[in-house]
Amino acid sequence: MELEHIDHLFRHHSGKMVSVLTRIFGLKNLEIIEDAVQDTFIKASISWRNHKPDNQEAWLTQAAKNRVLDIFRKLKTEQKHLTNINQGTDAIAINELFLNTEIEDAQLRMIFTACHPKLDPKDRISFALKTVSGFSIKEISSALLTKEDTIKKRLLRSRKTIQQSKLKFEIPRGKALPQRLESVMEVLYLIFNEGFHSNKKEKLIRKELCGEAIRLTQILLKNKHTRSSEVYALCALMYFHSARIETKTNSENELLDLKHQDRNKWYFPLIKLGNTMMNKAVEDSEFSCYHYEAAIAAEHLKAPSFEQTDWDKILYWYQCLNALQPMPTHLLTMAVVCIQKQDYNMAKNYLKHLNSEDFGQRAYLFYGTKADYYIKTNQLKEAIKYFDLALDAVSNNLEKEYLLKKKLMVQNLIQ
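Worth saying up front: this structure is predicted, and the values here are computed from it rather than measured.

Draft legend 1. Here's a closer look at the side chain of arginine 154. Within the element layout of this structure, arginine 154 appears in helix 9 (residues 148–165). Of the buried charged residues, arginine 154 lacks a salt bridge, with aspartate 123 as the closest side chain of opposite charge at 4.3 Å.

Below you can see the structure in the form of structure tokens.
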């Protein structure tokens, strides 16, 4: 049994299991539930070495149902529950909770619980990534550009707040919903980004995380209470980016930037789905950050070639985005766009407002952009200096190789 396959299954199913079991046993037993689900996958990895079940999803679902009994025992409630758990109305109720519609409902309850306003905003994101999508502490740290010890503290603080506040496992209604939905979308956005541009050393793209983010976003769209133009825009953005996933690396597993990607291999059905989502998103006249990001992604997809990209339109969308949600990453990308437009003075203006500390674990992006600026302005020794800084800061091997190639090209120009 390959570890990667087990990891994929864990990603896909752990959130489902944790959510359903939490609906049965309550948030107060969440830690026991998470341990039980993890144990199920450890057992799967052992028992599947010699023989994989034909229907692995069904096997895991049945294992989760069996965990109901184990948890009852662990909670020392045998006398109260075990006599009825395998028969009658209790058994029917538990089986019904594992139906697809009920699993989706349980997952929505879980992610909205994770995004409860009584939790600190930073804690909400960490907690949701852990409980809904099975992220490890290291992966959450990478996604949020935060130290692992900090993430551990956030998770502990979240559980403590949930216990002390006696939060309900439910989907909010009325005025509470929009605020909580905003936090939910932020979490899904982060999950997708970690898949699309992973900080993992050995792997640039993690398709299972992109798929998980899209799946959870689709659950939001299926529910009439959580369906909105902003969610449609987020879904469009994910589809647009996913259409390019197969072209981000070549057959030699080398990183390809937008300029060198084979546009004929971009996946048109996903672009079409993205356009459908975007048409739904703009039925409302109020635009969110996801609307602008999706518009930027669409501009890249529309361009017949890199040289024919409408950089003026992309810069305008980025300016709208930064006005709505000021962030160092937006300013950096605006500098990149200005370099493409050969407006080096404007690029310099954006870069002077930034420093490497603004980007945490992705500081190499800042250094790489500075290197590109110095190449274009014929300051090649400065470019080498910033390539060295980028190479020291980058963790992903493919990105390291990509930066090294660019540095060698500049060194050849100097010689």
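Draft legend 2. Spatial organisation of the confidence of the model for the protein. With 89% of its residues at a pLDDT of 70 or more, the protein shows a mean pLDDT of 86. Across residues 81–85 the pLDDT falls below 50, and counting only partners more than four positions away or on other chains, this stretch makes 14 contacts in the model.

Draft legend 3. Here's a closer look at the side chain of serine 242. Assignment of secondary structure puts serine 242 in helix 12 (residues 229–242). Looking at serine 242, the relative accessible area reads 10%, which means it is buried. Apart from the residues within four sequence positions on either side, serine 242 is in contact with Phe192, Ile214 and Leu270.

Draft legend 4. Molecular detail of the environment of glutamine 163. Looking at the secondary structure, you find glutamine 163 in helix 9. On the accessibility criterion, glutamine 163 (41% relative accessible area) is partly exposed. Spatially, the C-alpha atom of glutamine 163 lies 9.5 Å from that of asparagine 29, the residues being 134 residues apart in sequence. Ignoring sequence-local partners within four residues, the contact set of glutamine 163 consists of Leu27 and Lys28.

Draft legend 5. Summary view of the packing of aromatic side chains. Summed over the entire model, instances satisfying the criterion amount to 12 aromatic pairs. Their ring planes at 35° and their centres at 5.9 Å tell us that tyrosine 292 and tryptophan 317 sit as a pair that is tilted. With tyrosine 292 in helix 14 (residues 289–302) and tryptophan 317 in helix 15 (residues 311–324), the pair connects residues that are 25 residues apart, well separated along the chain. Cluster of aromatic residues (ring-pair linked, three or more members): Phe359, Phe366, Tyr367, Tyr373, Tyr374 and Tyr386. Sitting above the plane of the phenylalanine 196 ring, lysine 248 keeps its charged end 3.8 Å from the centroid.

Draft legend 6. Structural context of helix 6 (residues 100–114). Counted at 1.5 Å a residue, the expected span for helix 6 with its 15 residues is 21 Å, and the 21 Å between its end C-alpha atoms agrees. Residues of helix 6 that are buried: Ile103, Ala106, Gln107, Leu108, Met110, Ile111, Phe112, Thr113 and Ala114.

Parameters at a glance
- Residues numbered from 1 in each chain as written.
- Predicted model: local features only at pLDDT ≥ 70, side-chain atom pairs only at ≥ 80, totals over all residues.
- Heavy atoms only, no water.
- Helix = DSSP H or I, 4+ residues; strand = E, 2+ residues; numbered from the N terminus.
- Buried < 20%, exposed > 50% of the residue type's maximum accessible area, 1.4 Å probe, protein only.
- Lys, Arg positive; Asp, Glu negative; His and termini not counted.
- Salt bridge = Lys/Arg side-chain N within 4 Å of Asp/Glu carboxyl O.
- pLDDT = per-residue confidence, 0-100.
- Contact = heavy atoms within 4.5 Å.
- Phe/Tyr/Trp six-rings, centres within 6.5 Å; stacked < 30°, edge-to-face > 60°.
- Lys NZ or Arg CZ within 6 Å of the ring centre and 35° of its normal.
- Expected span 1.5 Å × (residues − 1).

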